[in-house]
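Summary of structural features
Spelled out from the first residue to the last, the chains are:
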Amino acid sequence: MIQILIRQSQNIIARRVRWKSSSPSIESEIRRLTHLRNVGILAHVDAGKTTVTERMLALAGVVRRAGSVDDGNTVTDFLPAERERGIT
């Protein structure tokens, strides 16, 4: 199912870009966009959203290792108020 959705999104992107131009940079942009993913995480307060996000970033290779909310070294909590109060 995921592969079907990826293929469909690639086709949509290719169609949208093709009418504008057919340069080599367009092909590289299509390749780049096929690797982009937007993910939304909704949950109650203190349900572990930041922890899940940190693990996902670590598993995807975006960060070397997942940060900890308790240690205050998470990627997603970057504002001083978030770090101080433990909110995101």
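One structure accompanies this document, and this report is about it. (Residues numbered from 1 in each chain as written. Predicted model: local features only at pLDDT ≥ 70, side-chain atom pairs only at ≥ 80, totals over all residues. Heavy atoms only, no water.)

1. Side note on the overall build of the protein
On a plain count of helices and strands, the protein comes out with four helices and zero strands. Reading the secondary structure of the protein in the N-to-C direction produces α-α-α-α. Each of the 88 residues in the protein was classed as buried or not, and the buried ones make up 16%. Contacts in the protein between residues far apart in sequence, at least 24 positions, make up 13% of those at least 6 positions apart. If you sum the accessible surface of the protein, you get close to 7,600 Å²; carbon and sulfur atoms cover 55% of it. (Helix = DSSP H or I, 4+ residues; strand = E, 2+ residues; numbered from the N terminus. Buried < 20%, exposed > 50% of the residue type's maximum accessible area, 1.4 Å probe, protein only. Contact = heavy atoms within 4.5 Å. Areas by Shrake-Rupley, 256 points an atom, 1.4 Å probe, with all protein chains shown as cover.)

2. Quick look at unusual backbone geometry
Positive phi values are uncommon outside glycine, yet D46 reaches one of about 60°. Take D46: it is sitting in the loop between α2 (24-33) and α3 (49-60). We classify D46 as exposed; its relative accessible area is 75%.

3. Here's the deal with a nonpolar patch on the surface
A cluster of nonpolar side chains, contributed by V39, I41, V52 and M56, occupies part of the molecular surface with about 320 Å² of accessible area. You can see M56 is positioned in helix α3. (Patch = residues over 30% accessible without salt bridge, like charges linked within 9 Å, V, L, I, M, F, W, Y side chains within 5 Å. Salt bridge = Lys/Arg side-chain N within 4 Å of Asp/Glu carboxyl O.)

4. Concerning α3
Three- or four-residue spacings in an α-helix give side chains the same orientation, since the helix completes a turn every 3.6 residues. Its 12 residues give α3 an end-to-end C-alpha distance of 16 Å, which sits within 8% of 16 Å, the value for a rise of 1.5 Å per residue. Once α3 finishes, G61 follows within two positions and takes phi at roughly 85°, a positive value. (Expected span 1.5 Å × (residues − 1).)

5. Quick notes on the pattern of salt bridges
Tallying each qualifying case throughout the model produces one salt bridge. Between E29 and R32 there is a salt bridge, with its nearest N and O atoms 2.8 Å apart. You can see E29 and its partner R32 sitting in helix α2, three residues apart, about one turn around the helix. E29 sits in the partly exposed class, given a relative accessible area of 31%.

6. Some details on the side chain of T34
Within the secondary structure, T34 sits in the loop between α2 and α3. Polar contacts involving the side chain of T34 include one to the main-chain carbonyl oxygen of R31, which spans 2.7 Å. (Polar contact = N/O pair within 3.5 Å; in protein donor to acceptor, adjacent residues only side chain to side chain.)

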